[in-house]
Amino acid sequence: MNLFIDILDRAIEKSGVLRKNISVVSDIPFAPATTKNLGIDFFHTMRGRTIAFATGMKLANPGLKVMPVVGDLITIGGNHLVHTARRNMDLLVICINSFVYSRIAGQPAPKSALPFSPYSPFEEPFNIPHLANSCGAVYTARWTALHSEQLIDSIAEAMNKKGLSVIEVLLPGPNFYNDIEKINEELLKFYFENCIIKENLEPRNVPILPEEKIIVGKFTDKQRPTFLERYNNQLSKALGEKFKPYGV
């Protein structure tokens, strides 16, 4: 089984959430044979539209636990993440960060023979935990896929939280962007060995920098009213007994 799908399967089991109540929405093209054994509803949608699709699904059926699995470093559809965090939608966003950085901890990262580009990337990556936290997410974490037990614990914990949780997963592929079915084991091991676990840090202090080890861990875990809780509270005040709370 695909490494990430295996981790997701184990996390769902550990969370205690019934599989019939779980929906995953992904813009990463997993093969149907890879996901069918999860025993959940698994949807593929357009690149960068995962969070918007998942928001509509959650509002249509508030009883679901909806988990968008997104790629592209939040660069496509990033505005959806910003406003979903602002509203504190009850979703668990898992960001598969498959970008290959040119340097990690002061040394060149291993590269494949046929890279996406002949030049090393020069743009700074998003600090995804900081972006999510500053916009209003209640739970943020970052792990490599080889931190499997910690990642399983984070996903299971976030599945039982109300509000927006965002977990970044470093899972590099064979080229500059990930073919999720062909994980580059050498590069993944390199990332794992060049990480340092520091939990409960302020997310602004965990950027991915070329001369430093990557900081992984759980960074924030807080409480905040969800979108539907605020919606029900506001309309209950305005309409009184005429209003029937939604999703309760």
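Structure: above.
Note that residues are indexed from 1 along each chain, following the sequence as it is written. Side-chain atom pairs in this predicted model are given and counted only at pLDDT of 80 or more, local residue features only at pLDDT of at least 70, and totals for whole chains, interfaces and linings cover all residues. To get the side-chain values, all heavy atoms of the structure are used, and hydrogens and water are removed first.

Student: Help me understand the nonpolar core in this model?
Tutor: Side chains that are nonpolar tend, in soluble globular proteins, to be buried together. The set of buried Ala, Val, Leu, Ile, Met, Phe, Trp, Tyr and Cys residues whose side-chain atoms join them within 4.5 Å is what this entry labels a nonpolar core. Classification of residues uses two cut-offs on accessible area relative to the type maximum, computed with a 1.4 Å probe and protein chains only: under 20% is buried, over 50% is exposed, and between them is partly exposed. Counting 41 residues, the largest nonpolar core has Phe4, Leu8, Ile94, Ile155 and Ile167 as the members making the most contacts within it. In this text, helices come from DSSP runs of H or I with a minimum length of four residues, and strands from runs of E with a minimum of two, each type numbered from the N-terminal end. Here the element with the most residues in this core is helix H1 (residues 3-15); it accounts for six residues. Any two residues whose heavy atoms approach within 4.5 Å at even a single point are treated as in contact. In contact with isoleucine 94, other than residues within four places in its own chain, are Phe4, Leu8, Pro68, Val69, Val70, Ile155, Ile167 and Val169. Formed by 20 residues, the second largest nonpolar core is a distinct cluster that contains Ala54, Ile128, Leu131 and Leu164.

Student: Sorry, what's going on with unusual backbone geometry here?
Tutor: Most peptide bonds adopt trans geometry, and most residues besides glycine take a negative phi value. Here the phi dihedral of asparagine 88 falls at roughly 55 degrees; this positive angle occurs in a residue that is not glycine. For asparagine 88, the position within the fold is in the loop between helix H4 (78-87) and strand S4 (92-97). Relative accessible area serves as the criterion here: at 0%, asparagine 88 is assigned to the buried category. Positive phi outside glycine occurs at asparagine 200, with the angle close to 65 degrees. Assignment of secondary structure puts asparagine 200 in the loop between strand S9 (195-197) and strand S10 (214-221).

Student: Even after reading the chapter, I still don't get the environment of arginine 10, so can you show me in this structure?
Tutor: Its place among the elements puts arginine 10 in helix H1. By relative accessible area, which is 34% here, arginine 10 ends up partly exposed. In sequence terms arginine 10 and aspartate 153 are 143 residues apart; their C-alpha atoms lie 9.3 Å from each other. Pairs of N or O atoms are called polar contacts if they sit within 3.5 Å, as long as, within protein, a hydrogen donor faces a hydrogen acceptor (for residues adjacent in sequence, only side-chain-to-side-chain pairs). Reaching out from arginine 10, the side chain makes a polar contact with the side chain of glutamate 149 at a distance of 2.5 Å.

Student: Explain the pattern of salt bridges here, please?
Tutor: Close approach of charged atoms allows side chains of opposite charge to pair. Put simply, a salt bridge is a Lys or Arg side-chain nitrogen that is within 4 Å of an Asp or Glu carboxyl oxygen. All told, the structure shown has 14 salt bridges when counted by the stated rule. For aspartate 90, the salt bridge is made with lysine 65, and the minimal N-O distance between the two is 3.5 Å. Here aspartate 90 is found in the loop between H4 and S4, whereas its partner lysine 65 is found in strand S3 (residues 65-70), with 25 residues between them in sequence. Exposure remark for aspartate 90: the relative accessible area of 17% places this residue in the buried category. Between arginine 204 and glutamate 202 there is a salt bridge, and its shortest N-O distance comes to 3.8 Å. Here arginine 204 falls in the exposed class, since its relative accessible area comes to 52%. Residues joined by salt bridges that share partners form a network here, namely Glu157, Lys161, Lys218 and Asp221.

Student: What exactly am I supposed to notice about empty space enclosed by the protein here?
Tutor: In the cavity and pocket records, a cavity denotes points on a 1 Å grid over the protein atoms alone where a 1.4 Å probe fits but cannot get out, a pocket denotes an open set with protein on both sides within 12 Å along at least 5 of 7 lines, and lining residues are residues with an atom within 4 Å of a point. Grid points are joined across faces, edges and corners, and a volume is the space filled by probe spheres set on the points. Counted under the stated rule, the structure contains two cavities of 30 Å³ or more. The space that makes up the largest cavity amounts to roughly 60 Å³. Lining the largest cavity, in full, are Asp27, Gly48, Arg49, Thr50, Ile51, Val70, Ile74, Ile76, Gly77, Gly78, His80 and Leu81. Those elements that provide at least two residues to the lining of the largest cavity are helix H3 (50-60) and H4.

Student: Explain the environment of asparagine 88 to me, please; I cannot follow it from the model alone.
Tutor: It is 5.1 Å that separates the C-alpha atoms of asparagine 88 and threonine 226, two residues lying 138 residues apart in sequence. When neighbours within four sequence positions are excluded, asparagine 88 is seen to be in contact with Gly136, Val138, Gly163, Leu164, Arg224, Pro225, Thr226 and Phe227. A polar contact is formed between the side chain of asparagine 88 and the backbone nitrogen of leucine 164, at a distance of 2.8 Å. Looking at asparagine 88, its side chain comes within polar contact range of the main-chain oxygen of arginine 224, at 3.0 Å.

Student: How should I be thinking about the sheet that holds strand S7 (residues 139-144) in this particular structure?
Tutor: Strand pairing within a sheet occurs via backbone hydrogen bonds; the two strands may be parallel or antiparallel. Strand pairing requires that DSSP identify at least two bridges connecting the strands. Read from one edge to the other, the open sheet built from eight strands follows the order S2-S1-S3-S4-S8-S7-S10-S9, with strand pairing classed as mixed. Both edges of this open sheet fall to strand S2 (41-44) and S9, since each of them pairs with a single strand only. Here the strands of the sheet are splayed against their neighbours by 20 degrees on average, with no regard to which way each runs. The pairing of S9 with S10 spans three bridges and is classified as parallel. Across the sheet, residue isoleucine 196 finds its bridge partner in S10, namely isoleucine 215. Interaxial angles span 0 to 180 degrees and are taken between N-to-C directions of axes, which are lines fitted to C-alpha atoms, for helices over the stretch in contact.

Student: Would you mind going over the pairing of strand S1 (residues 22-26) with me for this structure?
Tutor: Consecutive side chains of a regular strand alternate in pointing toward one face of the sheet and then the other. Among the five residues that make up S1, five are buried, leaving the element largely enclosed by the rest of the structure. Alternating positions in S1 separate into two faces, Ile22, Val24 and Ser26 on one and Ser23 and Val25 on the other, with burial throughout. In this structure, S1 lies alongside S3, joined through five bridges in parallel fashion. Along S3, the bridge assignment pairs valine 24 with methionine 67. Note: S1 against S2, four bridges, orientation parallel. When the bridges of S2 are listed, serine 23 appears paired with aspartate 41.

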